[in-house]
Amino acid sequence: MNPKFKAMFLNFLGFAILFIIARVTFGYLLSIDRLYLALMAAVFASVLAPKFAVADIADSKKVMMKWIFIKGFREI
């Protein structure tokens, strides 16, 4: 699998999982319009989702992850 595709797929997967969890949870707890629930869930997921990128390290491309709950970068 191409490293750029893998990074993009992992970004989407992390965002989508957090978005669905937040959307269902906010929908259960709050009784506001569906558009506002989706916007709140999108902001929540954007902030908390891990970020993946491709780094060129020692003549090889590696997928790296940064997340607010860990310090520094992690290689995937």
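Our structure's up above, just so we're on the same page.
Remember, predicted model here, so these are calculated numbers, not experimental data.

### Section: helix α1 (residues 3-29)
Thinking step 1. With 27 residues, α1 extends 39 Å between its outermost C-alpha atoms, agreeing within 8% with the 39 Å of an ideal straight helix rising 1.5 Å per residue.
Thinking step 2. Taken as a whole, α1 has its buried residues at Ala7, Gly14, Ala16, Ala22 and Phe26.
Thinking step 3. Buried residues belonging to α1 abut α2 (34-48), β1 (51-57) and β2 (60-66).

### Notes on the packing of aromatic side chains
Thinking step 1. Per the counting criterion, the structure on display carries 4 aromatic pairs.
Thinking step 2. Each ring, one from Phe15 and one from Phe19, has its centre 5.9 Å from the other, and the planes form 20°; the classification is stacked. Taken together, the positions of Phe15 and Phe19, both in helix α1 and 4 residues apart, correspond to about one turn of that helix.
Thinking step 3. Residue class for Phe15 comes out partly exposed when judged on its relative accessible area of 28%.
Thinking step 4. Where Phe26 meets Phe44, the ring centres are 5.8 Å apart and the plane angle is 75°; that geometry is what we call edge-to-face. Residue Phe26 is located in helix α1, and its partner Phe44 is located in helix α2; the two are separated by 18 residues in the primary sequence.
Thinking step 5. The class of Phe26 is buried, set by a relative accessible area of 19%.
Thinking step 6. Looking at Lys66, its charged tip hangs above the ring of Phe73, at a distance of 5.7 Å from the centre.

Reading the values: rules and limits
- Residues numbered from 1 in each chain as written.
- Predicted model: local features only at pLDDT ≥ 70, side-chain atom pairs only at ≥ 80, totals over all residues.
- Heavy atoms only, no water.
- Helix = DSSP H or I, 4+ residues; strand = E, 2+ residues; numbered from the N terminus.
- Expected span 1.5 Å × (residues − 1).
- Buried < 20%, exposed > 50% of the residue type's maximum accessible area, 1.4 Å probe, protein only.
- Contact = heavy atoms within 4.5 Å.
- Phe/Tyr/Trp six-rings, centres within 6.5 Å; stacked < 30°, edge-to-face > 60°.
- Lys NZ or Arg CZ within 6 Å of the ring centre and 35° of its normal.

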